[in-house]
Amino acid sequence: MRHPTIFAILFFLTFAVKAECDSFLANGLNSDLKLSYEKFDQTPGKGWRVLADKKCYSEAAILIDKYILENNMNQRSLKWHLLQMYAASNQNDKALNLVSAVLLTEEQERNSPFLWNDYVLATAGFLENDLTKLKLHRDKLANFGKGFKPNEINLVALDRLIEYFGQTYQKAYIGD
């Protein structure tokens with residue numbers, strides 16, 4: 001008799017969480033599409049981050065995608081955050097479709113101490129369930145990215161992806 005009760009509780013909680021996420025998305029669609037890029041993408045507690053903070057990752061992806069389309073935006077960071085929200089909501093194919101859109105050109109990467117492409121490609125390895133690719137790009141970041149804080153921060157994230165390899169991106173990156 002306990003199992004039907006537990007099932008009913010879980011069903012209700014799932015429905016309630018989905019309804020709450022839908023409500024946050026509706027609010028975002030009504031208010032956030034006209035925000036500046038900085039407020040929408042770069043400001044804690046604003047734009048898509050409101051949804052992500054509530055663990056509404058799929059809805060955050062919808063909001064980012066709509067923002068990009070409505071505002072004709074091409075910022076790499078928006079597409080990266082869209083990739084992350086797809087990955088966090090277990091939509092790895094959609095996330096992987098964005099990899100080429102977030103990579104730096106050879107010239108951009110050559111002129112920067114930031115080893116962004118290795119970070120992105122290592123993340124893609126995780127999403128593709130390719131540990132060899134993940135470790136290859138993680139090791140490049142570790143060996144050649146020292147002394148530049150963004151590389152060191154990203155290295156910590158990649159080490160978590162290795163530690164949680166085979167699990168969801170949400171669990172590995174976000175810790176949920």
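Residues numbered from 1 in each chain as written. Predicted model: local features only at pLDDT ≥ 70, side-chain atom pairs only at ≥ 80, totals over all residues. Heavy atoms only, no water.

> How would you explain the overall build of the protein chain if you had to name every residue and give the values?
Within the protein chain, the secondary structure is distributed over 12 helices and 0 strands. Burial status across the protein chain gives 39% buried among its 176 residues. Of the roughly 10200 Å² of accessible surface on the protein chain, 55% is carried by carbon and sulfur atoms. (Helix = DSSP H or I, 4+ residues; strand = E, 2+ residues; numbered from the N terminus. Buried < 20%, exposed > 50% of the residue type's maximum accessible area, 1.4 Å probe, protein only. Areas by Shrake-Rupley, 256 points an atom, 1.4 Å probe, with all protein chains shown as cover.)

> Got a sec to walk through the nonpolar core? Specific residues and values, please.
Soluble globular proteins tend to pack their nonpolar side chains together in the buried interior. Ranked by internal contacts, the top residues of the largest apolar core, which has 48 residues, are I64, L78, L83 and M85. For this core, the element with the highest residue contribution is helix 5 (residues 76-88), accounting for 8 residues. Not counting residues within four places of it along the chain, the set of residues in contact with L78 comprises Y37, F40, D41, I64, Y67, I68 and M73. (Core = buried A, V, L, I, M, F, W, Y, C linked by side-chain atoms within 4.5 Å. Contact = heavy atoms within 4.5 Å.)

> Help me get a handle on the confidence of the model for the protein chain, residues and values and all.
Confidence along the protein chain averages 90 in pLDDT terms, with 89% of residues attaining 70 or more. Low confidence marks residues 7-16, where pLDDT is under 50. Its contacts with residues over four positions away, or in another chain, come to 0 contacts. (pLDDT = per-residue confidence, 0-100.)

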